[in-house]
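Structural characterization, general
Each chain, letter by letter, is given below.
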Amino acid sequence: MVDFSTIMSGFSDAFTLWNFAFVLFGVVIGQFVGAVPGIGPVMAMAIAIPFTFGLDPLPAITFLVGVNKGGLVGGAVPAILINTPGTPDAAATAMDGHPLAKQGKPLKATKMALFSSVTGDTFSDIVLISVSAPLAILALRMGPVEVLALMIFAFSVLCGLVGKSFVKGILSAALGLLFATVGADPENYNPRLIFGHYELYDGLPLISVAIGMLAMSEIVRRLSETSSNMKAAVNIKNTGNSDDQRVTWGEYWSCRYTMLRGAGIGTILGALPGIGSTAAAFMSYALSKALSKKPETYGKGNLHGIAAAESANSAVVGANLIPLLTLGIPGSVGAALIISAFMRLCNPTSVTSV
Amino acid sequence: MFFLTDRITGLLIAIFGITLYWFIIPNYVDSSQSSWLRPDTIPNATCLVTIFCGLVLVIKPSSHKLHAFSTICRAGLFFMLLAVGLYVMSLVGFVYVAPILALSLMLTIGERRLFWLTIGSVAIPFTIWLLVVRVLERSLPGAS
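1. Here's the deal with the overall build of chain A
Per the secondary structure count, chain A includes 16 helices and two strands. Within chain A, buried positions represent 46% of all 354 residues. On chain A, roughly 16900 Å² of surface is accessible, and the fraction owed to carbon and sulfur atoms is 70%.

Right under this line is the structure:
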């Protein structure tokens, strides 16, 4: 049963100008670092945690959560503008966001990413506040077999739906799995394909892979096609139509089912520790394409593609706090950093000593 | 008609898979028998799938046509330049190599405007250094 009095009490504590200022500060910093490929919100949180020890617990936690959530939205900006995701979670956003930007609608794409992120995140926060305990118990019943089944389902969906060729889909999944085996074997901890580089023991860093796959190929393509006539990296055409620079209510409303589906996928996957927001974004994107009446428009600047990816990856952030707050199990690295800050900030001895 | 993108990509991928399966995985992955799932099982399985898919692409390519030869050569040149630059950066350091690499890339693509050359080869590497080394206190390749 939802305890509304506790929820209302929480709202009254949280909704102060001081806390809002810290939320805003955190979101701004998060967006900035999220938009810089290679840094990301997790690193920003790790750096910011020591600075929060001088604050009261509530503004400190709101600041850290703001950095985390702002970072995810920020990751979509370079993904849309230069086809280089700021965070790995935004890789799926680039698939439709960048083509839309190339059509002269970068503001429409980034605004759609923002609105769908906010929608997905709000959905998962409502679930977090209201039904986190039963959902956490359900998530705990998911063992390795169920998680494997879920991943096989995700791979099947991706192979069949991302791109035009089924063979290329299988090839991509196989190459992805092959590169994922770099590092220590999980059963015996034997090194695999590390070629003497012990820094690869934990596997290939995801952000390096994402930048290498998307940014490097984009850079080489742009360089090889560049003539002596210099052009800006981001060519924002002025189409003369103000609707191309904003998301109309009709466009937002037409994506409601896509966003809800993405938020649902993100919330469920976020509640499962270990499955990141990248998988949620791709799964939501693939499902949205499968259910679309015009699947051929995906990858060419379809707003539904952006909405699906962004609502799912942002919903994961809120849902990651479900196992954290109910069972003490962090669902992601970001959630692990938040619990470390919780333990430091909410410890009576540490608070009084500050 | 033979030189379709898929045919060349598929051939290269199949060769990559065969090289991994026959030479790299046996030498760089432990084939311990003691565990329930041997460490080389998944890499070998993915290699076989890669070889199979590569061959399918060779046999049954899509109509995706190859880029112009000059574009491929330019892409190869820039890729080599980037690879050599990054390798030298790991040896000498970001501070010394990044400005030179950025400047040579910009000059190669035909940029001649002094303002943009300065921004690209001085201001951006300096900002990256300032942000990563000074603000975030992380190291850059080869930086001391």
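Moving on from the model shown.
2. Overview of the environment of Val317(A)
All names here are of chain A. By the secondary structure assignment, Val317 is in helix α13 (residues 303-319). For the pair Val317 and Leu72, spaced 245 residues apart in the sequence, the C-alpha separation amounts to 8.6 Å. Val317 has contacts with Asn68, Lys69 and Leu72, leaving out every residue within four places of it along the chain.

3. Notes on a nonpolar patch on the surface
Residues and elements named next belong to chain B. Together, Met80, Val84, Tyr87, Val88, Leu91, Val92, Val95 and Tyr96 line one region of the surface with nonpolar side chains, adding up to about 810 Å² of accessible area. Those elements giving two or more residues to the nonpolar patch turn out to be α3 (69-92) and α4 (94-108). Of note, Met80 is situated in helix α3.

4. Comments concerning the environment of Ala309(A)
Residue and element names in this part refer to chain A. Counting through the fold element by element, Ala309 comes out in helix α13. Sequence-wise, Ala309 and Thr278 are 31 residues apart; in three dimensions their C-alpha atoms are separated by 8.8 Å. Not counting the four nearest positions on each side in its chain, Ala309 is found in contact with Ala92, Thr93, Ala281 and Ser284.

5. Overview of the packing of aromatic side chains
Considering all chains together, one arrives at 15 aromatic pairs over all chains under this definition. With 5.4 Å between their ring centres and 25 degrees between their planes, Phe25(A) and Phe63(A) make a pair best called stacked. Taken as a pair, Phe25(A) in helix α2 (residues 17-34) and Phe63(A) in helix α4 (residues 57-82) lie far apart in primary sequence, 38 residues in all. Given the relative accessible area of 44%, Phe25(A) is considered partly exposed. A relative accessible area of 7% places Phe63(A) in the buried class. Consider the rings of Phe115(B) and Trp116(B), whose centres lie 5.2 Å apart with planes at 80 degrees: the pair is edge-to-face. Residue classification places Trp116(B) among the partly exposed residues on the basis of a relative accessible area of 41%. Of the aromatic side chains, those joined through ring pairs into one cluster are Trp18(A), Phe22(A), Phe25(A) and Phe63(A).

6. Some points on the interface of chain A and chain B
Listed per partner, the contact involves 31 residues of chain A and 42 residues of chain B. Where chain A abuts chain B, roughly 3000 Å² becomes buried across the two surfaces, and 76% of that area is made up of carbon and sulfur atoms. Our count for the chain A to chain B interface comes out at three residue pairs in polar contact (both at pLDDT 80 or more). Listed by contribution, the elements that provide at least two residues to the side of chain A that touches chain B are α3 (40-52), α8 (166-180), β2 (191-192) and α9 (206-225) of chain A. At nine residues, the largest contribution of residues to the side of chain A that touches chain B is made by α8(A). Tallied by class, the residues present in the side of chain A that touches chain B amount to 19 nonpolar, seven polar and five charged.

7. Quick look at the nonpolar core
Phe63(A), Leu64(A), Leu269(A), Ala280(A), Ile322(A), Leu324(A) and Ile338(A) are the most contacted members of the largest nonpolar core, which totals 32 residues. Discounting chain neighbours no more than four positions away, the residues touching Ala280(A) are Ile265(A), Gly266(A), Leu269(A), Ala312(A) and Val316(A).

8. Let's talk about the confidence of the model for chain A
Summing up the model confidence of chain A, the mean pLDDT is 79 and the portion of residues at 70 or higher is 83%. With pLDDT under 50 throughout, residues 350-354 of chain A is counted as low confidence; its partners more than four residues away or in other chains account for seven contacts.

9. Here's the deal with the side chain of Ser116(A)
Note that Ser116(A) resides in helix α6 (residues 106-140). Once residues lying within four places of it in the same chain are set aside, the contact partners of Ser116(A) are Met259(A), Ile306(A), Ala307(A), Glu310(A) and Ser311(A).

10. Overview of the confidence of the model for chain B
Overall, the prediction assigns chain B a mean pLDDT of 85, with 94% of residues at 70 or greater. The lowest-confidence element of chain B is α3(B), averaging 84 in pLDDT; the highest-confidence one is helix α2 (residues 41-59) of chain B, averaging 92.

11. Focus on the side chain of Thr258(A)
On the secondary structure map, Thr258(A) appears in helix α11 (residues 256-271). If near-sequence neighbours (up to four positions away) are discounted, Thr258(A) is found in contact with Ser288(A), His304(A), Ala307(A), Ala308(A) and Ser311(A).

12. Structural notes on the packing of α11(A) against α13(A)
All names here are of chain A. With their axes 7 Å apart at the nearest point, α11 and α13 run at an angle of 30 degrees to one another. The element α11 and its partner α13 pack so that their crossing is right-handed. Of α13, the residues touching α11 (which contributes Thr258, Met259, Gly262, Ala263, Gly266, Thr267, Gly270 and Ala271) are His304, Ala307, Ala308, Ser311, Ala312, Ala315, Val316 and Ala319. When its residues are assigned to classes, the contact of α11 with α13 shows nine nonpolar, seven polar and no charged.

13. Topic: unusual backbone geometry
Residues and elements named next belong to chain A. In this structure, Leu193 is a non-glycine residue whose phi angle is positive, near 50 degrees. Looking at the element boundaries, Leu193 is found in the loop between β2 and α9. If you check the backbone angles, Phe195 has positive phi at about 50 degrees while not being a glycine. Along the polypeptide, Phe195 turns up in the loop between β2 and α9.

Cut-offs and rules
- Residues numbered from 1 in each chain as written.
- Chains lettered and ligands numbered in written order.
- Predicted model: local features only at pLDDT ≥ 70, side-chain atom pairs only at ≥ 80, totals over all residues.
- Heavy atoms only, no water.
- Helix = DSSP H or I, 4+ residues; strand = E, 2+ residues; numbered from the N terminus.
- Buried < 20%, exposed > 50% of the residue type's maximum accessible area, 1.4 Å probe, protein only.
- Areas by Shrake-Rupley, 256 points an atom, 1.4 Å probe, with all protein chains shown as cover.
- Contact = heavy atoms within 4.5 Å.
- Patch = residues over 30% accessible without salt bridge, like charges linked within 9 Å, V, L, I, M, F, W, Y side chains within 5 Å.
- Salt bridge = Lys/Arg side-chain N within 4 Å of Asp/Glu carboxyl O.
- Phe/Tyr/Trp six-rings, centres within 6.5 Å; stacked < 30°, edge-to-face > 60°.
- Buried area = accessible area lost by both parts, 1.4 Å probe.
- Polar contact = N/O pair within 3.5 Å; in protein donor to acceptor, adjacent residues only side chain to side chain.
- Nonpolar A, V, L, I, M, F, W, Y, C, P; charged D, E, K, R; others polar.
- Core = buried A, V, L, I, M, F, W, Y, C linked by side-chain atoms within 4.5 Å.
- pLDDT = per-residue confidence, 0-100.
- Axes fitted to C-alpha atoms, helices over the stretch in contact; angles between N-to-C directions.
- Left-handed = near helix turned anticlockwise from the far one by under 90°.

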